[in-house]
Each structure stands twice: as structure tokens, then as C-alpha cells.
Amino acid sequence: MRTLPMKRKLTENLKRVEQRIADACRRVDRAPSSVTLVAVTKYVSLDIIRTLVDMGVQHIGESRVQELTRRAAMVNEWLGRRARDLSAGARPRPQWHMIGHLQRNKVKAVLPWIDMVHSVDSLRLAEEIDAQSARLDRKTPILLQVNSAGEGSKYGVAVAAVTHLAEQIHSLGHIELRGMMAMAPWTEDQSLIRQVFGRTRELFDEVVQEGVCGPEFRELSLGMSSDFECAIEFGATYVRIGSALFEGIELARTTSES
Ligand SMILES: *Cc1c(COP(=O)(O)O)cnc(C)c1O
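In this report, the structure presented in the accompanying data block is examined.

Each value, and the rule that gives it
- Residues numbered from 1 in each chain as written.
- Predicted model: local features only at pLDDT ≥ 70, side-chain atom pairs only at ≥ 80, totals over all residues.
- Heavy atoms only, no water.
- Helix = DSSP H or I, 4+ residues; strand = E, 2+ residues; numbered from the N terminus.
- Phe/Tyr/Trp six-rings, centres within 6.5 Å; stacked < 30°, edge-to-face > 60°.
- Buried < 20%, exposed > 50% of the residue type's maximum accessible area, 1.4 Å probe, protein only.
- Contact = heavy atoms within 4.5 Å.
- 1 Å grid on protein atoms, 1.4 Å probe; cavity = no way out; pocket = protein on both sides within 12 Å on 5 of 7 lines; lining within 4 Å.
- Points joined across faces, edges and corners; volume = space filled by probe spheres on them.
- Nonpolar A, V, L, I, M, F, W, Y, C, P; charged D, E, K, R; others polar.

### What to know about the environment of Thr237
Here's step 1: Structurally, the position occupied by Thr237 is in the loop between helix 8 (228-233) and strand 9 (238-241).
Here's step 2: Spatially, the C-alpha atoms of Thr237 and Leu52 are 20 Å apart, while their sequence positions differ by 185 residues.

### Comments concerning the packing of aromatic side chains
Here's step 1: Tallied over the full model, the rule gives 2 aromatic pairs.
Here's step 2: Ring geometry for Phe197 against Phe234: centres 6.4 Å apart, planes inclined by 65°, an arrangement best described as edge-to-face. Taken as a pair, Phe197 in helix 7 (residues 190-210) and Phe234 in the loop between helix 8 and strand 9 lie far apart in primary sequence, 37 residues in all.
Here's step 3: Overall, the relative accessible area of 0% leaves Phe197 in the buried class.

### Notes on the environment of Tyr155
Here's step 1: By secondary structure assignment, the location of Tyr155 is in the loop between strand 5 (140-147) and strand 6 (157-158).
Here's step 2: Look at Tyr155 and you get partly exposed, because its relative accessible area is 32%.
Here's step 3: Along the primary structure Tyr155 and Ser119 are separated by 36 residues, whereas in three dimensions their C-alpha atoms are 8.6 Å apart.
Here's step 4: Residues in contact with Tyr155, not counting those within four places in the same chain, are His101, Asp121, Gln145 and Asn147.

### Digging into helix 2 (residues 46-54)
Here's step 1: Counting buried positions over the 9 residues of helix 2 gives 8, a clear majority of the element.
Here's step 2: The set of residues buried in helix 2 consists of Leu46, Ile48, Ile49, Arg50, Thr51, Leu52, Val53 and Asp54.
Here's step 3: Positive phi appears at Gly56, one or two residues downstream of helix 2, with a value of about 100°.

### Focus on empty space enclosed by the protein
Here's step 1: Counted by the stated rule, this structure contains 1 cavity of 30 Å³ or more.
Here's step 2: Quantified by volume, the largest cavity comes out at close to 40 Å³.
Here's step 3: What lines the largest cavity is simply Gln145, Val146, Asn147, Ser148, Ala149, Ser153, Tyr155 and Met183.
Here's step 4: Its residues assigned to classes, the lining of the largest cavity shows 4 nonpolar, 4 polar and no charged.

In C-alpha cells, the structure reads:
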């Protein structure tokens, strides 16, 4: 009966995070429904992911291609089995968000499992997602990852290149450019975090005002466990939260991966 305390703790943590999101929204006069929680599961076992889905979490974020593919397949299989067991109650398939760096040569294998890519940072990557989406006869929602932190951050499009790149990506037929993603640097310095979020928001508004993208350009993926309340203040519509959901839970990833 090891799973019972895990489930109780996870329920508590999820409630607390949802409450903090709602409170942060209220402080800046936003509707809590305008922020989507993406549960980042890269640290945890499949067992914990299933429990999250069972609790009604509908958005899962993974940062590595292989993990995302394997886990999405396993969760789908579990949901399929579960759908045949009428006493268990059906759960919808969660949406899978690719939030980590994505290499072009991995796109083909992982794309069928992905509902949204947060980490598009070059035209070449966007073109590959476009080509593979065409093969799947679908449009893939993506976000442009922006390097608002400047030096010290490896990934993301340079601030000066964002508008032009957004325009180019917008012209691709099998991609839906929904908005932007950014990460604050690893720091205790709140003013630096605010500066990075503020710059991201400005850029986002600029792209909207220049009219280079369509009305679907309206999402801002900003904020993790340590800074999501601040991100909501700056307009985040997706918050990517991992560790705050798993506090006090044993994360042994090697157990029950089936
Ligand atoms: C791991 C990760 C997160 C979640 O981080 P926490 O601090 O655990 O909430 C969010 N975004 C990205 C891109 C990540 O890699």
C-alpha cells in the first residue's frame, strides 16, 4: 500500500499549486481559467504520471524526446485498458507538451505523440516540424522559445531576431504559431527574474502589434515552480510546474515503469 500516501500527498500538492495560481491571477485581475498548468513529469515515475492523469491533470510536459514518446505510449495504453473497465471511469488522453530542446533529427519520431512544442528556436526546426506535420496531415501548435535572459542561456531565439522569425514561421502551412516561451535564469534575484519576464512580455506584445502572426498568437509559456506567480503577473498563459507538485514524494524513477 505504498501508493496511498503518494496519492494523498500529490492531491494536496496539486490543490496547493492550483490555489496559488488562482491567487496570483486574482492579484492581477485575471481569470484563473486563463492559466493552464502543465505538469512537468521529467523527475517522476510512470506511476505518478498515471496518478496525475487520474486526478484530472490534462497537460503533461516532458523535456526529452525518448521519455515523452515512451511515457505517452504507456499512458495511452493504460487509458485504453482503463476505458474497457467500466468501473474505473473514463479519463481523457492528456495533452503532451515538449518543453525541452528538440533536435531536428528527432522530430519525425516524436511528433505523433506531441500536442504542442514549446521550444522551437530556429527556422530549420520549424520547417522540419512543418514537413513532418504535413505527412501526418495535421497542424502542430508551437511556441517560439525566446532567449530573453541573454548571455548565460544556451537556448532560445535572440531577442532581435524574434519578430522576423515569427513572421517566417507563421507562413508555414502545417504549423500554428501560438505564442512564446521563455525561461528565467537560475537565480534568487527576483529583480532579474522580473526583468526577464518583462522583456518577454514586451516582445510578445510587439509581435502582436506588428501583426505578423494571426489571432492564435496569444499564448505565453512562462514560469516554473520557483517563479510561476511572478510569471502570471506578466501574462503567462501556460505555467510549467514540476518540483512544486512533487514535494515530499519519493521520486524513485526506477520503480514500476510499466
Ligand atoms: C524542468 C522544467 C520545468 C519545471 O521545473 P520546476 O522548477 O521543477 O517546476 C519547466 N520548464 C522546463 C523547460 C523544464 O525543463
